[in-house]
Structure formats: structure tokens, C-alpha cells
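An overview of the molecular structure
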Amino acid sequence: MNRVLITRKIPENGINMLSEYFDVDVNEEDRNLTYSEIIERVKGCFGIVSMVSDNIDKNIIDSAADLKIIANYGVGFNNIDITYASSKGIFVTNTPDVLTQSTAELGWSLIMSVSRRITEADSFVRNGEFNGFAPTLMLGKELYGKRLGVIGMGRIGSTIARMARYGFNMDIVYYNRSKNRYENLVDARKTSLNNLLESSDVIVVTCSLNDDSKYLIDYDEFKLMKKDAVFVNISRGAVVNTKALVQFAKENKMFRCGLDVYEDEPNIDKELLKLPSCVLLPHIGSATYSARGKMAKIVANNVISVYKGARPDNLLNEEVLWRAKK
Ligand code: DGY
């Protein structure tokens, strides 16, 4: 029986679907597999269900001579050397759409937590510091009618924009390579990155990580922001220079931010951990029962499709089909 490696336990529905066709090797431990463990366990596998935290590079691909599909459990795929996978005729897929709403809602959870200082307020109460209503206690920022700047107006960015427009009557600007076809529905305007940074009250980063977006937000970009801006990153850590963020936050006491992603996960910059003005989450953008269950079904379906000789959904490297046709 062909073997499939699942590098971290996913919801049962996906494992059960795969078990009907494959000998499934699931990492049952509550930790990510190390790089060398993946190399060892992927040997002889037909497919791998990888996590967005797994670095699926040339070495890993080369260690699996029979590999036919890398089904990434997530929408981002910067963790995979797709060019190399394609050169080997290996299909690469991801799980878009089903996690859009959940991830957008997480983006909003961060925007609201940061604006109203929810985590600081929670610690304040637990530490026994609450001694009654006070007119100037934990003042935050009202969002209604303010300007939201969306960096990366794809599926998740557009959903956040829709919630901003219809929930908070916000004025929306966005920075994106191409014009968003739904911009009229939310009265959003495409603008330059500098204009977005200078004029927005809330800035949310949802773009994917690639050579162009690495350190897109560095110290010079932070310096353009309003001193009391709310800054949220739910895309990939390396879109933002963490050292620059920390420096800017230290210099501007009114600046607040919320992060779900980090440059070198799971390691987090020590200085960042010390900033009470920063809400830090453990990469849980798509972490709802609904999204994670649907993602499990998609990865399983994609591996099974390739096994049956069919085109998998959400194919990221169309060029493997051209190779196959030769
Ligand atoms: C993804 O799917 O790429 C997200 O980062 C998960 O939260």
C-alpha cells in the first residue's frame, strides 16, 4: 500500500479519508517534526500533507524519490520550493477559500483587541488592580468611520475590508499589485504603500510572503505611520522587520500592534515579548473547527485525486500537468 506522511495531526475526517487508500503515517506528537525527521519519514511516500511551518525544500523533496504530491495544510505556501517540486513532476496544492472567513475574523479579533487594549485589561483585572470604574482607565481607540489600510487585497484582505465597511463604516484604502475587482462594493481605493501608511488609522497586513514582500514594512515604513496607528499582521512574519517594529513601538508609546505570525516561528524576539502594547497570538489565523475540518477534507481529496490520476483542486503548479503530457 502507498504511504502518506501527515507531519502534524489534522482533524480525523481527513485522516480517515486518506486511510481508505493509503498507509497513513501521522505525527501523533504535540510538536512539529524536525527537518531531519521529515527527511527520514517521507522516504518512500506517495504524498506528504505538510504544515505551513514545515520547510519543504530541495533536500526533503530529494529524499522522497516516489513523492507525487505535497498537499500543504494552509493557504500560504512560501514554505515549499515549488519550482523544484515542479521540476520533479510533483503536484503542490494548498487550502484556500475555506479559511478566508476564519482568518479574516481573527484579523478583526486582533484589530479590536489592540484598539481596546483587551489583553492589557484582562491582565489588569487578574492582577487584582481593578478598584472600580475610572474615567481615564484603559482608554483606547474607537474605530467607527476611521480609515483602514489593507496591505494585500486578496481573499482575506477583501473580507476584512467588507467587515470594516459594513460593520464600522470605515474608509478603506489598499495596497496591492492589481486592482481588486470588488473595490466598488466596499468603496475601497487602491493607493501607494506610502499613502496607505501615512493616512490609515488601522493597518492590516494580509499579503503573501515572496521576494518582493520580504521586509515590506521596515523602520522607514513604520516612521510614516500615524503615531497612534493600530498595526496588525496576519500574513507571514517576514513581511515585517521585527527589530524595526520593536524600535518604533518603543519610541511611540501610542502605537499598538497585534501579531499572529513571526519571522522565525516558533521563536519570538525577546524584546517583542516585553511590549504590553503588542497582542501576540500563536499563528491561529485559520484555527476554527469549521475551517480546519474543511482544510483536512481538501488535503485528503487532493492526495486521493493525484492517486486516481485526476487533477487535484487548488493546484499551485499547473506546469506539472504540462510535464505529464509530454
Ligand atoms: C495559512 O493557512 O497560510 C495561515 O497562515 C494559517 O493560519
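Residues numbered from 1 in each chain as written. Predicted model: local features only at pLDDT ≥ 70, side-chain atom pairs only at ≥ 80, totals over all residues. Heavy atoms only, no water.

Moving on: a nonpolar patch on the surface. A surface patch of nonpolar side chains, about 270 Å² in accessible area, is lined by Val-125, Phe-130 and Leu-137. Within the secondary structure layout, Leu-137 lies in the loop between α6 (118–126) and β6 (147–151). Judged by its relative accessible area of 31%, Leu-137 falls in the partly exposed class. (Patch = residues over 30% accessible without salt bridge, like charges linked within 9 Å, V, L, I, M, F, W, Y side chains within 5 Å. Areas by Shrake-Rupley, 256 points an atom, 1.4 Å probe, with all protein chains shown as cover. Salt bridge = Lys/Arg side-chain N within 4 Å of Asp/Glu carboxyl O. Helix = DSSP H or I, 4+ residues; strand = E, 2+ residues; numbered from the N terminus. Buried < 20%, exposed > 50% of the residue type's maximum accessible area, 1.4 Å probe, protein only.)

Applying the stated criterion to the full structure yields 23 salt bridges. Lys-141 serves as the salt-bridge partner of Asp-228, at 3.2 Å between the closest nitrogen and oxygen. In this pair, Asp-228 sits in the loop between α9 (219–224) and β10 (230–233) while Lys-141 sits in the loop between α6 and β6, placing the two residues 87 residues apart along the sequence. Asp-228 gets classed as partly exposed once you look at its relative accessible area, which sits at 32%. Residues Lys-250 and Glu-271 are paired through a salt bridge, measuring 2.7 Å at the closest nitrogen-oxygen approach. Here Lys-250 is found in helix α10 (residues 242–251), whereas its partner Glu-271 is found in helix α11 (residues 270–273), with 21 residues between them in sequence. One network of salt bridges, with partners in common, ties together Arg-3, Asp-25 and Arg-41.

Our focus in this paragraph is the site of the ligand. Neighbouring the ligand are the residues Val-52, Gly-74, Val-75, Gly-76, Leu-99, Arg-236, His-283, Gly-285 and Ser-286. Separating an oxygen atom of the ligand from a backbone N or O atom of Gly-76 is a distance of 2.8 Å. In the model, an oxygen atom of the ligand is placed 2.6 Å from a nitrogen or oxygen of the His-283 side chain. In the complex, 93% of the free accessible area of the ligand, which totals 230 Å², lies under the protein chains. For the shell around the ligand, the class distribution of residues is three nonpolar, five polar and one charged. (Near = heavy atom within 4 Å. Polar contact = N/O pair within 3.5 Å; in protein donor to acceptor, adjacent residues only side chain to side chain. Nonpolar A, V, L, I, M, F, W, Y, C, P; charged D, E, K, R; others polar.)

Once that is clear, we can look at the nonpolar core. In terms of nonpolar packing, the biggest core is built from 52 residues, with Ile-6, Leu-18, Val-49, Leu-148, Ile-160 and Val-303 touching the most fellow members. For this core, the leading source of residues is helix α12 (residues 289–307), giving eight residues. Counting only domains with at least three residues in this core, you end up with domain 1 (3–96 + 288–325) and domain 2 (100–280). Among all residues touching Val-49, those that are not within four sequence positions of it are Val-4, Leu-5, Ile-6, Thr-7, Leu-18, Ala-71, Tyr-73, Val-299 and Val-303. (Core = buried A, V, L, I, M, F, W, Y, C linked by side-chain atoms within 4.5 Å. Domains from an automatic or database assignment. Contact = heavy atoms within 4.5 Å.)

Domain annotation for the chain reports domain 1 (3–96 + 288–325) and domain 2 (100–280). Between domain 1 and domain 2, the C-alpha centre-to-centre distance is 31 Å. In this assembly, seven residues from domain 1 lie in contact with five residues from domain 2. Summed over both partners, the interface of domain 1 with domain 2 buries about 500 Å², with 51% contributed by carbon and sulfur atoms. Broken down residue by residue, the surface that domain 1 buries against domain 2 is led by Asn-78, Pro-96 and Thr-288, which jointly contribute 64%. Counting every contact that joins domain 1 to domain 2 gives zero salt bridges. Here the side of domain 1 that touches domain 2 is composed, by residue class, of four nonpolar, three polar and no charged. (Buried area = accessible area lost by both parts, 1.4 Å probe.)

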